[in-house]
Amino acid sequence: MPDLSVEYMGLRLRNPLIVASSGLTRNAALVRHCEQAGVGAVVMKSIFEEDIRRRDNTFDDSLCSHPEASEYFRADLGLVYGAQQYCDEIRQAKKETSIPVIASVNCTEPRWWVDFAAQLAAAGADAIELNLSVPSVELELDMEQAENNFSRIVAAVVSKVDIPVAVKMSGQLTAPQHTAKKLVDAGAHALVTFNRQSGLDISLNSRKAFSARGDQGLTTSHQMYFPLRWVTILHELMPEVQLSASGGVHSGEALVKYILAGATTVQVCSLFYREGLKQAAVLLDSLSEYMERVGADNIDQVRGSVERDITIGTREQQRLEYLQLSKDHYLEVDSTDGGGLTYEKHEKREKRH
Ligand SMILES: Cc1cc2nc3c(=O)[nH]c(=O)nc-3n(C[C@H](O)[C@H](O)[C@H](O)COP(=O)(O)O)c2cc1C
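Residues numbered from 1 in each chain as written. Predicted model: local features only at pLDDT ≥ 70, side-chain atom pairs only at ≥ 80, totals over all residues.

Student: Can you help me understand the overall build of the chain in this one?
Tutor: Across its full length, the chain carries 12 helices and 14 strands. Within the chain, the proportion of its 353 residues that are buried is 40%. Excluding contacts between residues fewer than 6 apart, the proportion of contacts in the chain whose partners are at least 24 apart in sequence is 67%. (Helix = DSSP H or I, 4+ residues; strand = E, 2+ residues; numbered from the N terminus. Buried ≥ 20, exposed ≤ 12 C-beta atoms within 10 Å, placed from the backbone. Contact = placed C-beta atoms within 7 Å.)

So this is what it looks like as structure tokens:
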């Protein structure tokens, strides 16, 4: 039986499988279920500044003379109160389980990133994941400004807590490799690639636009290819940086591919929502079977071992990949069905691999 254990941000995990931040990890009881399912660690549901602000209605207005001041106090008190509930769940999870519990923070106001992170660390979280993936649509905001802002948040949090800090990145970046480097330079101990991408859809009846994230908010297996590409590139460019892959793992093969690409850990969410946490054992069995098949005793022997003809990330590789892609998806008019389009080259590509 191969050894599946890994070291992620200095934490020992019995295997690289992590339940990603979501409703599946929102309290201690659910963390216990995750542990029983056999995963290596959990990332708890993010603490969202806005959620806490919305939830809070506990503040006594009589303490404040000015209505405006009352508003501010209520908001801030609510944030502290909300964080306390989250901290209680961390404490409980740490008491009842022995897998690493990674807390997750998603804020807007700079001071709350640091404040929440410090509170969660004090409550016993083993690490913090900062979800820095809120995309910005300001026309005037250039990427350098955005990256500097991310770096400031990371540096501030890292200087305030003495547990490891991972950053969950958005895939919607001009140059993910550059942002990744800046985050690491700012002190991030690991990078999570990527957060769930949300697109937009439009209702033809109401003409209202709404956030569309695929099938009921859950991903499908096709969503793996974009993060897989970037895990491969980032590992090649910065092999010393720990990567946690997130997105589109719906089979054991996908888990193995992320590890071959260079991921230290792999986060899974949608599959567990759809088919239950029992799928954790299925994924881990696939990983063990693969390792046995290739004669690997431990994860390090397979991690990052993807073979490429040309170094990934180089101009040549990018150009070659682009040319292959355009060629393979060349559309031909099919004369037998009155002009329908078919993916002529698809079959040949399948055979090559
Ligand atoms: C219902 C749901 C809730 C989620 N909530 C959070 C969250 O609170 N914080 C976060 O960082 N990511 C959140 N995510 C994103 C997941 O952690 C994960 O990165 C993403 O779903 C991709 O993994 P998957 O393909 O295995 O679902 C959520 C995803 C889903 C489906």
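Student: Would you take a moment to explain helix α1 (residues 28–37) for this structure?
Tutor: An α-helical turn contains 3.6 residues, so a residue and the one three or four places further along point in the same direction. Among the residues making up α1, those that are buried are Leu30, Val31, Cys34 and Glu35. In an axial view of α1, the angular spread of the buried residues amounts to 150°, which keeps them on one side of the axis. For α1, exposure combined with an orientation more than 90 degrees from the buried face picks out Ala29 and Gln36. Of the residues flanking the end of α1, it is Gly38, one or two places downstream, whose phi is positive at about 100°. (Arc of directions from axis to C-beta.)

Student: Help me understand the sheet that holds strand β11 (residues 242–246) in this model?
Tutor: Sheet strands pair by backbone hydrogen bonding; their relative direction is either parallel or antiparallel. A barrel is described by the order of its strands in space; here 8 strands give the closed sequence β3-β4-β5-β6-β7-β8-β11-β12, paired in parallel fashion. Across the sheet, the mean angle from the axis of one strand to that of its neighbour is 25°, orientation sign disregarded. As defined by bridge partners, strand β5 (residues 101–106) adjoins strand β6 (residues 127–131) across 4 bridges and the pair is classed as parallel. Counterpart to Ala103 in the pairing with β6 is Ile128. Running at roughly 160° to strand β7 (residues 165–169), helix α6 (residues 176–185) makes contact with β7 and β8 (190–193) of the sheet. (Pairing = 2+ DSSP bridges. Axes fitted to C-alpha atoms, helices over the stretch in contact; angles between N-to-C directions.)

Student: Please clarify how the nonpolar core should be interpreted in this entry.
Tutor: Grouped burial of nonpolar side chains is what soluble globular proteins tend to show. Within the largest apolar cluster, 90 residues are counted, with the highest numbers of intra-cluster contacts made by Val42, Leu120, Ala125, Ile128, Val154, Leu191 and Tyr258. It is helix α8 (residues 252–261) that contributes the most residues to this core, 7 residues altogether. Look past the residues within four positions of Val154 in its chain and what remains in contact with it is Leu130, Val165, Val167, Leu183, Ala186, Gly187 and Ala188. (Core = buried A, V, L, I, M, F, W, Y, C linked by C-beta atoms within 7 Å.)

Student: So what exactly am I meant to see when it comes to the site of the ligand here?
Tutor: By nearness alone, 24 residues border the ligand, and Ala20, Ser46, Thr219, Cys269 and Ser270 come closest of all. Of all the secondary-structure elements, those providing two or more residues to the shell around the ligand are β4 (41–48), β12 (265–268) and α9 (270–275). Of the residues belonging to the shell around the ligand, the class tally is 6 nonpolar, 15 polar and 3 charged. (Near = placed C-beta within 6 Å. Nonpolar A, V, L, I, M, F, W, Y, C, P; charged D, E, K, R; others polar.)

Student: Got a minute to help me understand α8 in this structure?
Tutor: Among the 10 residues in α8, 8 count as buried, and that is most of the element. Every buried residue of α8 is listed here: Ala254, Leu255, Val256, Lys257, Tyr258, Ile259, Leu260 and Ala261. Looking at the residues trailing α8, positive phi occurs at Gly262, about 125°.

Student: Is there a simple way to explain the environment of Ala121 in this structure?
Tutor: By the element assignment, Ala121 lies in helix α4 (residues 110–122). When the 22 C-beta atoms within 10 Å are taken as the criterion, Ala121 is described as buried. As for Ala121 and Lys160, which are separated by 39 residues in sequence, their C-alpha atoms are 9.5 Å apart. Ignoring anything within four residues of it in the chain, the contact list for Ala121 reads Ile128, Val161 and Ile163.

Student: How should I be thinking about the packing of helix α7 (residues 225–237) against α8 in this particular structure?
Tutor: How two helices sit against one another is set out by the angle between their axes and by the gap between those axes. Packing of α7 against α8 leaves a shortest axis separation of 8 Å and a crossing angle of 25°. Overall, the two elements α7 and α8 adopt an arrangement that is roughly parallel. Seen from α7, the contacting residues are Leu228, Val231, Thr232 and His235; seen from α8, they are Lys257, Tyr258 and Ala261. (Parallel < 35°, antiparallel > 145°, perpendicular 65-115°, else oblique.)

Student: Explain the confidence of the model for the chain to me, please; I cannot follow it from the model alone.
Tutor: When pLDDT is low, close inspection of the predicted coordinates is not appropriate. With 81% of its residues at a pLDDT of at least 70, the chain reaches an overall mean of 85. Predicted confidence for residues 56–75 stays below pLDDT 50, and this span has 15 contacts to residues more than four positions away or in other chains. (pLDDT = per-residue confidence, 0-100.)

Student: When you look at the pairing of β6 in this model, what are you seeing that I'm missing?
Tutor: The side chains of a regular strand alternate, first on one face of the sheet and then on the other. Counting buried positions along β6 gives 5 out of 5 residues, so the element sits mostly inside the fold. The parallel pair β5 and β6 is bridged by α4, and the resulting crossover is right-handed. Where β6 meets β7, 4 bridges bridge the pair, whose relative direction is parallel. Among the inter-strand pairings, Glu129 is bridged to a residue of β7, identified as Ala166. (Right-handed = clockwise from strand over helix to strand, strands pointing away.)

Student: Which parts of the structure should I look at to understand the pairing of β7?
Tutor: Judged by how many residues are buried, β7 sits mostly within the fold: 5 of 5 residues are covered. The alternating pattern of β7 places Val165, Val167 and Met169 and Ala166 and Lys168 on opposite faces, both of which are buried. For β7 and β8, the ladder comprises 4 bridges, and the chain directions are parallel. Across the sheet, residue Met169 finds its bridge partner in β8, namely Thr193. Between the parallel pair β7 and β8, the chain is carried across by α6, and the sense of this crossover is right-handed.

Student: Just to check I follow, could you spell out unusual backbone geometry for this structure?
Tutor: Leaving glycine out, the prevailing phi sign among residues is negative, and the prevailing peptide bond configuration is trans. Backbone torsion omega between Thr193 and Phe194 reads -5°, so that peptide bond is classified as cis. You can see Phe194 is positioned in the loop between β8 and β9 (199–202). With a phi angle near 55°, Met9 is a residue other than glycine that sits in the positive phi range. Relative to the helices and strands, Met9 is located in the loop between β1 (6–8) and β2 (11–13). According to the C-beta neighbour criterion, Met9 is buried, with 23 such atoms within 10 Å. One non-glycine residue, Arg207, adopts positive backbone phi at about 60°. Relative to the helices and strands, Arg207 is located in the loop between β9 and β10 (209–212). By C-beta crowding, Arg207 is classed as exposed, having 7 other C-beta atoms within 10 Å.

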